[in-house]
Amino acid sequence: MKWLSLDYIKQHSRIDYDCEDGLLEMYGDSAEDTVLNICNRTYDDLMEVIEYDLWYEFILPYLKPTDHILDLACGTGTLAVILANAGYETYGLDLSEKSVFLAKEKAMINRVYVDLKVADMTDFSYDREFDMITCFFDSINFITKEQIPDLLNCVDKCLKKDGYFIFDLFTKNKLAEVDGDDFSDELAFANYRWQSKVFDDVIYHEITIDDGLNPFTEIYQEFYHDYHLLLDNRLTIGNHSP
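Numbering of residues starts from 1 in every chain and runs along the sequence as written. Only residues with pLDDT of at least 70 are given local features in this predicted model, and only at 80 or more are side-chain atom pairs given and counted; all residues enter the totals for whole chains, interfaces and linings. Only hydrogens and water are removed before side-chain values are computed, so all heavy atoms of the structure are retained for them.

Peer 1: Looking at this structure, how should I read the packing of aromatic side chains?
Peer 2: The geometry of an aromatic ring pair is captured by the separation of the ring centres together with the interplanar angle, meaning the angle of the planes. Aromatic pairing here means that ring centres of Phe, Tyr or Trp (its six-membered ring) are within 6.5 Å. Orientation follows from the plane angle: under 30 degrees is stacked, over 60 is edge-to-face, and everything else is tilted. Tallying each qualifying case throughout the model produces 14 aromatic pairs. Centre to centre, the rings of Trp55 and Phe136 are 4.4 Å apart; their planes meet at 25°, and the pair counts as stacked. One end of the pair, Trp55, is in helix α3 (residues 52–59); the other, Phe136, is in the loop between β5 (130–135) and α6 (148–158), and 81 residues separate them in sequence. Accessibility here uses a 1.4 Å probe with only protein chains present; expressed as a share of the type maximum, an area under 20% marks a residue as buried, one over 50% as exposed, and anything in between as partly exposed. Take Trp55: its relative accessible area is 2%, and that puts it in the buried class. With a centroid separation of 6.3 Å and 65° between ring planes, the pair formed by Phe124 and Tyr126 is classed as edge-to-face. When sorted by exposure, Phe124 lands in the same class as Tyr126, which is buried. Over the ring of Tyr126 we find Lys117, and its NZ or CZ is 4.0 Å from the ring centre. If you follow Lys172 out to its NZ or CZ, it ends over the ring of Tyr224, 5.0 Å from the centre. A run of H or I in DSSP becomes a helix once it reaches four residues, and a run of E becomes a strand once it reaches two; helices and strands are each numbered from the N terminus. Placement of a charge over a ring requires the Lys NZ or Arg CZ to be within 6 Å of the ring centre, with the centre-to-atom vector within 35 degrees of the ring normal.

Peer 1: Looking at this structure, I do not really get the environment of Ala190. What am I missing?
Peer 2: Tracing the sequence through the fold places Ala190 in the loop between β7 (182–186) and β8 (191–199). Given the relative accessible area of 5%, Ala190 is considered buried. Distance in space between the C-alpha atoms of Ala190 and Gly212 is 7.3 Å, their sequence separation being 22 residues.

Peer 1: Please explain the nonpolar core as it appears in this structure.
Peer 2: Across soluble globular proteins, nonpolar side chains have a tendency to be buried as a group. Buried residues of nine kinds, namely Ala, Val, Leu, Ile, Met, Phe, Trp, Tyr and Cys, make up a nonpolar core once their side-chain atoms join them within 4.5 Å. Judged by nonpolar contacts, the single largest core of 25 residues is most densely connected at Leu70, Leu72, Phe124, Ile133, Ile140 and Phe165. Every element with two or more residues in this core is listed here: β2 (68–72), β3 (89–94), β5, α6, β6 (159–167) and α8 (227–234). The element that contributes the greatest number of residues to this core is α6, accounting for six residues. Residue contacts for Phe124: discarding those within four places in its chain leaves Leu70, Leu72, Leu93, Ala119, Cys154, Val155 and Cys158. Residues Leu79, Ile82, Leu83 and Phe136 belong to the second largest nonpolar core, which totals 14 residues. Contact between two residues is taken to exist if any of their heavy atoms lie within 4.5 Å; hydrogens are not considered.

Peer 1: Looking at this model, I keep getting lost on the side chain of Asp131. Mind explaining?
Peer 2: Note on placement: Asp131 falls in strand β5. For Asp131, a relative accessible area of 11% puts it in the buried group. Excluding anything up to four places from it in sequence, Asp131 contacts Lys64, Thr66, Asp67, His68, Leu159, Lys160, Gly163 and Tyr164.

Peer 1: What exactly am I supposed to notice about the pattern of salt bridges here?
Peer 2: Should their charged atoms come close, side chains of opposite charge can pair. Here, a salt bridge means any side-chain nitrogen of Lys or Arg that lies within 4 Å of a carboxyl oxygen of Asp or Glu. Following the criterion strictly, the structure yields seven salt bridges and no others. Residue Arg193 is joined to Asp182 by a salt bridge in which the shortest nitrogen-to-oxygen separation is 2.6 Å. Residue Arg193 is found in strand β8, and its partner Asp182 is found in strand β7; the two are separated by 11 residues along the sequence. Overall, Arg193 belongs to the partly exposed group, its relative accessible area being 36%. When salt bridges that share partners are traced, they join Asp138, Lys174 and Glu222 into one network.

Printed below as a string of structure tokens:
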């Protein structure tokens, strides 16, 4: 197993829906569905600054044309669709059912097939091994220190012995950079405000999305992990050599 890390990215492939007859109609009109619709619909807008094409360029030297790739925490499937468009057999998983739904829509619109499913990246399995497993945009920072061995066990079971696990983590510097952040902007479907505070190496984010009808606030955490924590866990897991 070979491990690599990298930095951030930009949006390459996204879905634009009409507010009146797009996802609201497909998801239904309950209060819960409406909130989830707003959040998922604005996800690609929030991620517009992320350079997914640069992530693709980063991993490209480590890929062969016949490789099978699994993208963990794939979100709405942008990177997975880019890989499928390039001809790779691509799989993706995400904990969010709505994100996976959007990922399938994105693949369909781009006329490619991506094997997508709802799953936890700390508890997943496949009946095949992959040449590469990716996990980007600080996704590992969304799990706790105690969950990292579970993630690595799953990766170890699904990755070929000569395969690559490529991921990113935010550094200590980010903790200082985001502490006290408070910014707002207008998106295609809604306005949002994003606030962040840091306590004991944990970033607490509060995002408020307001489409004028159903304002919604989400609070979530990101946990700082020293890269060496993953390295130490890797050396005690599985039969793969460093």
